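# Fold and geometry: a report
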Amino acid sequence: MSTDTAPSGKPMKLVVTGGAGYIGSVCATRLLEAGHSVTVVDDLSTGHEDAIPEGAEFVHGDAAEVAETLLGQGFDGVLHFAAKSLVGESMQDPGIYWRGNVLTSLRLLDAMRTHGTPRLVFSSTAATYGEPDTGLIPETAPTRPTNTYGATKLAIDHAITSYARAHGLAAVSLRYFNVAGAYGRFGERHATETHLIPIVLQVATGDRAQVQIYGDDYPTDDGTAVRDYIHVADLADAHLLAVEHAIAGEHEIYNLGNGTGFSVRQVIEACREVTGHPIPAAVAPRRAGDPAVLVASSERARTAMGWKPQRADLAGMVADAWRFTQDRKQANPA
Ligand code: UDP
C-alpha cells in the first residue's frame, strides 16, 4: 500500500460504501460540501437510492465486489459504512453478520491493498465494549461485546490494525454511540425500525399507538437505560477529520459521543416537548443484551483530531429528527 498521506485540506477522491444509508448519506453530503469527490457504493439492501446526495457518483452493488474493480481507478481513501447493524438479527442469524460484515470488510481491505488505496475510515461501534464496568467509556476499556453485531465490528477492527501495521494502511475506526437527528433531507428511515427516537416520533405522527420502555428496573436514576446521543452531523464531521488525520501504518480508534447520558424516559420527555404530543408510554420487559448505561469519553477524538461537536443538545437532535419525519410524512402520506 502507498505510504503517502494527502496534505490536510486538499480535496480527496473518496469511496463511501453504504452512502445510501442514514449515516453514510450524511457523511457523503458533508464530504461533498468540504470539496471532496465522492463515489457511493451501495447494494440498496437497506439504503435508499434517493438518499444518495447530488454530486456523488453512484455504483450499485456489493461493497467488496465493486471495490475490487473500482479502486483500480485510483482513490485517496474509503469510508466504509456498509454493514448489517440489527443487534437482534445478529443473534438469530449470526452468519449474515460474519459474512456480511467481516468477510466483506476483509475483501475490501485486500482490494485496497491490491490497488494501493492509502486511507480507510471504518464505522465501528460502542457495541464492541459490551457491558462497561463503570463511568465514561474510554477507548482503552475492555472490549467484551455482548452481541454478534458488536463481535463482528470488533473482529474487523482487529483486522484493520494488522493491515495497517503490515501494509502501511492509514486507518481510523470511529466507535459510534447513539446517533440521532437529521441533516437537510437526510435522516433515519429504516424498514425495520428498532431505535428509540424514530420509534417515539412514530407515535407522534400517529403511526404507532405507544412506545414501549424496555425495562424500568435498571440501576439508573429513573430506572430506565441511559445512552449517549450524538448528532449525525457532528458524527459526520468526525469522519472528515479522520480521513485527513489518518497516518500511514497506524490504526487509530476514537469514541464518538457527547459524554452525557440521557435515560429512555428523558428521551421520551424531550420528544413530548418538541412535538407537543402526549406520547403514551408503557413499561415492557428489558431487551436482551441491553447494557444499563453507555456513555462515551470522546477526549481522544477531541484532543487528537480537534473534533468539537456543535449540536450536543438532545432537544435539538430530536427537533431535527422531527422535522425530517414530518417532511417525509408530507412527501409520502400513508
Ligand atoms: N428502547 C426502548 N424502547 C424502544 C426502543 C429502544 O425502551 O422502542 C431503549 C433500548 O432498550 C435502549 C435505548 O432505548 O436502552 C436506546 O436503544 P436504541 O435501539 O435506540 O439504541 P442502542 O442503544 O440499542 O444502540
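Residues numbered from 1 in each chain as written. Predicted model: local features only at pLDDT ≥ 70, side-chain atom pairs only at ≥ 80, totals over all residues. Heavy atoms only, no water.

### Some remarks on the environment of Arg 30
On the secondary structure map, Arg 30 appears in helix 1 (residues 22–33). Separated by 206 residues in sequence, Arg 30 and Ala 236 place their C-alpha atoms 6.7 Å apart. Discounting chain neighbours no more than four positions away, the residues touching Arg 30 are Tyr 183, Ala 233, Ala 236, Asp 237, Leu 240 and Arg 311. (Helix = DSSP H or I, 4+ residues; strand = E, 2+ residues; numbered from the N terminus. Contact = heavy atoms within 4.5 Å.)

### Some words on the site of the ligand
Surrounding the ligand, one finds 14 residues, the nearest of these being Leu 196, Gln 212, Arg 227, Arg 287 and Asp 290. At 2.7 Å, a side-chain N or O of Arg 227 approaches an oxygen atom of the ligand. For the ligand, an oxygen atom lies 2.7 Å from a polar atom in the side chain of Arg 287. Here the ligand, which alone exposes 510 Å², has 88% of that area covered by the protein. (Near = heavy atom within 4 Å. Polar contact = N/O pair within 3.5 Å; in protein donor to acceptor, adjacent residues only side chain to side chain. Areas by Shrake-Rupley, 256 points an atom, 1.4 Å probe, with all protein chains shown as cover.)

### A few points about the environment of Asp 237
As for its position among the elements, Asp 237 is in helix 7 (residues 232–245). Through-space distance from the C-alpha of Asp 237 to that of Pro 145 is 26 Å; in sequence the pair is 92 residues apart. What Asp 237 contacts, discounting residues up to four positions off in sequence, is Arg 30, Trp 307 and Arg 311.

### Let's talk about the sheet that holds strand 11 (residues 251–256)
Read from one edge to the other, the open sheet built from seven strands follows the order 3-2-1-4-5-6-11, with strand pairing classed as parallel. Every other strand in the sheet has two partners, leaving strand 3 (57–60) and strand 11 as the edge strands with one partner each. Adjacent strand axes in the sheet meet at a mean angle of 20° when their direction is disregarded. One ladder, built from five bridges, connects strand 1 (residues 13–17) with strand 2 (residues 37–42); its direction is parallel. Residue pairing in the sheet places Thr 17 in a bridge with Val 41 of strand 2. (Pairing = 2+ DSSP bridges. Axes fitted to C-alpha atoms, helices over the stretch in contact; angles between N-to-C directions.)

### A closer look at unusual backbone geometry
Within the chain, Leu 44 stands out as a residue other than glycine whose phi angle is a positive 60°. Mapped onto the elements of the fold, Leu 44 is located in the loop between strand 2 and strand 3.

### Topic: the packing of helix 1 against helix 7
Packing of helix 1 against helix 7 leaves a shortest axis separation of 9 Å and a crossing angle of 60°. Here helix 1 lies oblique to helix 7, going by the angle between them. Of the two possible hands of crossing, helix 1 and helix 7 adopt the one that is right-handed. Taken together, the residues of helix 7 that come into contact with helix 1 (itself represented by Tyr 22, Ile 23, Val 26, Cys 27, Arg 30 and Leu 31) are Val 232, Ala 233, Leu 235, Ala 236, Asp 237, His 239 and Leu 240. Residues of the contact of helix 1 with helix 7, tallied by class, amount to 10 nonpolar, one polar and two charged. (Parallel < 35°, antiparallel > 145°, perpendicular 65-115°, else oblique. Left-handed = near helix turned anticlockwise from the far one by under 90°. Nonpolar A, V, L, I, M, F, W, Y, C, P; charged D, E, K, R; others polar.)

### Remarks on the UniProt feature "domain: NAD-dependent epimerase/dehydratase" (unreviewed entry) in the protein
Under the feature "domain: NAD-dependent epimerase/dehydratase" (unreviewed entry), the UniProt entry names residues 15–257. Along residues 15–257, the helical share is 37% and the strand share 20%, with 25 Å between the first and last C-alpha atoms. (UniProt positions renumbered as here; feature names shortened; annotations may be inferred.)

### Focus: helix 6 (residues 196–204)
Here helix 6 lies mainly inside the structure; eight of its nine residues are buried. Against strand 7 (178–180), strand 8 (211–214), strand 10 (229–231), helix 8 (264–275) and helix 10 (314–331) lie the buried residues of helix 6. Positive phi shows up at Gly 206, right after helix 6, with a value of about 90°. (Buried < 20%, exposed > 50% of the residue type's maximum accessible area, 1.4 Å probe, protein only.)

### A closer look at the nonpolar core
The nonpolar side chains of a soluble globular protein tend to be buried, and buried together. Counting residues in each nonpolar core, the largest one holds 39 residues, and the members touching the most others are Ile 23, Leu 174, Tyr 176, Val 179 and Leu 256. Of all elements in the fold, only strand 1, helix 1, strand 2, strand 6 (170–176), helix 7, strand 11 and helix 9 (299–305) reach the threshold of two or more residues within this core. Looking at which element gives the most residues to this core, the answer is helix 7, with eight residues. Once residues within four sequence positions are removed from consideration, Tyr 176 is found in contact with Ile 23, Phe 81, Ser 123, Ser 124, Thr 125, Ala 126, Leu 235, His 239 and Leu 256. Counting 25 residues, the second-largest nonpolar core is a separate cluster that includes Ile 199, Cys 271, Ile 279 and Ala 321. (Core = buried A, V, L, I, M, F, W, Y, C linked by side-chain atoms within 4.5 Å.)

### Examining the packing of helix 6 against helix 10
For the pair helix 6 and helix 10, interaxial distance at closest approach is 10 Å and the crossing angle is 55°. If you check the angle between helix 6 and helix 10, you find them oblique. Here the hand of the crossing between helix 6 and helix 10 comes out right-handed. The residues of helix 10 that touch helix 6, namely those facing Ile 197, Leu 201 and Ala 204, are Leu 314, Val 318, Ala 321, Trp 322 and Thr 325. Broken down by class, the residue content of the contact of helix 6 with helix 10 amounts to seven nonpolar, one polar and no charged.

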